[in-house]
Amino acid sequence: MKEVSQAMRAPEQRSAIIVGVLLAGEEDTTNDDLDELTQLLATLRIQVGGRVVQKRQKITPKCFVGEGKVEEIKQLAAATEAGMIIFDRQLSGPQVRNLEEMTNCAVSDRTGIILEIFARHARTTQAKTQVEIARIEYMMPRLAGAWSHLERQRGGGVQRGMGEKQIEIDRRLARERMSRLKRQLEGIGKDRQNQRKARISELKVALVGYTNSGKTSIMSAMTKATVQAEDVLFATLDSSVRALDPSSRPKVLLSDTVGFIRNLPHGLVESFKSTLDEVLEADLLLHVVDVSHHNFRAQMRTTEDVLREIGAGDIPVLMVFNKLDRVSDPLLAKILRAAYKNSDFVSAHSEADMERLRRQVIRYFEENLVKATLDVPADDQNLLSVIYKSCLILNSDFSVQDRALFEVRIAPAVLAKLHAYVISVAEVPFQGLKHDAPA
Ligand SMILES: Nc1nc2c(ncn2[C@@H]2O[C@H](COP(=O)(O)OP(=O)(O)OP(=O)(O)O)[C@@H](O)[C@H]2O)c(=O)[nH]1
Ligand SMILES: [Mg+2]
């Protein structure tokens, strides 16, 4: 199989024909799907020379679409000088090779393109390792038959089976590399887990949502950090964590994560599980939606599906309808506000909106803080520091020897972690959290 990345290195091949297939009984979303594929390719700086859609009863095992269609695609590629053909469907290894032979172009599919983007955007060792595992998983089944040309060249006879042997060797090498990478990833995962444990006294909020919805922009605005937001898909692959600014006590940490997309390759979801732990451990999710995108409802559904798939379906969610500055229909916000009680409508570019959202997040925790009394050993510096950082202290009493008594307002999640020191918990939720910033 020709590597798409190889083809992309040559400037004259920076154009592709994209192919959508609509099967009988399916809802026709090919136009939107091909728009999204165009955007994915733009992220790799590949232009689309033309699109082809085929309606079929079922797929053809040999080359996915019919041979007549392949000829049409080939002609179009020649006419537009496109060196690549990208299918919006997942192709098998033999299909890729057959199509490449029939068209003389590099052939890949949507998953291959997403993996290529991920490989280019991964920055940290963790993200790079995760992407490589996913890539090997993607390549493995496609190795079958990759060496069949050996058989053909040598014309069979004594040399027959050379290709088969080579596949076995390739497979074994890939498996070995994969288990090495997985061990490496486990090590990194443990380090991150320890970092997270050290943050138990803080409240955690994770930004989730479809790719390009504005998560990083919101992260930057709410934490006053300068994180790069980009108008490309999957700009962010590594989760980063920062405190809200101005801060509050207890501290609220915000984490930015990898965006989701329709039909996210399964291997990628699997391998990004450790990054997504940041999401799983959040006390609150901000589901960011690009409300200016004509297909935002489908994007919301995809995000909700992925959240369920990774086991984050039960975490409380605040819907953040973003890019409101690009919406001209005044009714839209009204309708959504009525449908989603727990929501905010913002533009990440508006300072006032971001300040309101920050307050709304803090208010969420305020409304959920409970009152409790804690009894802790007075010389346990670690524990005392957790209490000072994570609680709003209403009263402290060091008069009893070796003991310290605290009356506090505390988040239920933090309270659960300190349960060994809890004497009493009040039923009534408390309103009001100390703002470090002037009101
Ligand atoms: N007009 C407008 N543009 C926005 C807004 N929020 C984000 N953008 C733009 O949308 C693009 C994507 O923003 P990001 O913050 O990188 O989106 P993301 O969700 O982090 O994307 P990935 O990391 O790729 O998943 C950038 O060009 C932003 O400048 C907004 O409220 N209004
Ligand atoms: Mg981002």
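Residues numbered from 1 in each chain as written. Chains lettered and ligands numbered in written order. Predicted model: local features only at pLDDT ≥ 70, side-chain atom pairs only at ≥ 80, totals over all residues. Heavy atoms only, no water.

Draft legend 1. A look at the side chain of His121. Residue position: His121 is located in helix H5 (residues 110-121). The exposure class assigned to His121 is buried, which follows from its relative accessible area of 15%. Not counting residues within four places of it along the chain, the set of residues in contact with His121 comprises Thr43, Val232, Leu233, Phe234, Ala235 and Leu237. (Helix = DSSP H or I, 4+ residues; strand = E, 2+ residues; numbered from the N terminus. Buried < 20%, exposed > 50% of the residue type's maximum accessible area, 1.4 Å probe, protein only. Contact = heavy atoms within 4.5 Å.)

Draft legend 2. Main features of the sheet that holds strand S13 (residues 392-397). Here 4 strands make up an open sheet; going across it, the order is S13-S14-S12-S15 and the pairing antiparallel. Since the sheet does not close on itself, it has two edges, and those belong to S13 and strand S15 (422-425), each with one partner. In this sheet, adjacent strand axes meet at a mean angle of 20° when their direction is disregarded. As defined by bridge partners, strand S12 (residues 370-377) adjoins S15 across 3 bridges and the pair is classed as antiparallel. Each bridged residue has a counterpart across the sheet, and for Leu374 the counterpart in S15 is Val422. Where helix H15 (residues 381-390) meets the sheet, it contacts S12, S13 and strand S14 (403-410), and its direction lies at approximately 160° from that of S12. (Pairing = 2+ DSSP bridges. Axes fitted to C-alpha atoms, helices over the stretch in contact; angles between N-to-C directions.)

Draft legend 3. Seen up close, the site of ligand 1. In the vicinity of ligand 1 there are 23 residues, among which Lys215, Thr216, Ser217, Ala235 and Asp325 approach most closely. A distance of 2.9 Å separates an oxygen atom of ligand 1 from a polar backbone atom of Gly214. Lys323 places a side-chain nitrogen or oxygen 3.0 Å from an oxygen atom of ligand 1. In the complex, the protein chains occlude 91% of the 650 Å² of accessible area that ligand 1 would expose alone. With 3 residues, helix H9 (residues 215-223) is the single largest residue contributor to the shell around ligand 1. Its residues assigned to classes, the shell around ligand 1 shows 6 nonpolar, 11 polar and 6 charged. (Near = heavy atom within 4 Å. Polar contact = N/O pair within 3.5 Å; in protein donor to acceptor, adjacent residues only side chain to side chain. Areas by Shrake-Rupley, 256 points an atom, 1.4 Å probe, with all protein chains shown as cover. Nonpolar A, V, L, I, M, F, W, Y, C, P; charged D, E, K, R; others polar.)

Draft legend 4. Layout of the pattern of salt bridges. Summed over all chains, the structure comprises 22 salt bridges. Measuring nitrogen to oxygen at the nearest pair gives 3.6 Å for the salt bridge that ties Arg262 to Asp33. Of this pair, Arg262 sits in the loop between strand S8 (252-256) and helix H10 (266-271) while Asp33 is found in helix H2 (residues 30-43), placing the two residues 229 residues apart along the sequence. Each member of the pair, Arg262 as well as Asp33, carries the same accessibility label: buried. (Salt bridge = Lys/Arg side-chain N within 4 Å of Asp/Glu carboxyl O.)

Draft legend 5. Fine view of the sheet that holds strand S1 (residues 15-23). Strand order in this open sheet of 4 strands is S2-S1-S3-S4, and the pairing throughout is parallel. At either end of the open sheet lies a strand with only one pairing partner, and these are strand S2 (47-56) and strand S4 (106-109). When strand polarity is set aside, the average angle formed by the axes of neighbouring strands in this sheet is 20°. Relative to strand S3 (residues 84-87), S1 is paired through 4 bridges, and the arrangement is parallel. Among the inter-strand pairings, Ile17 is bridged to a residue of S3, identified as Ile85. Where helix H3 (residues 67-80) meets the sheet, its contacts fall on S1, S2 and S3, and the angle it forms with S2 comes to roughly 170°.

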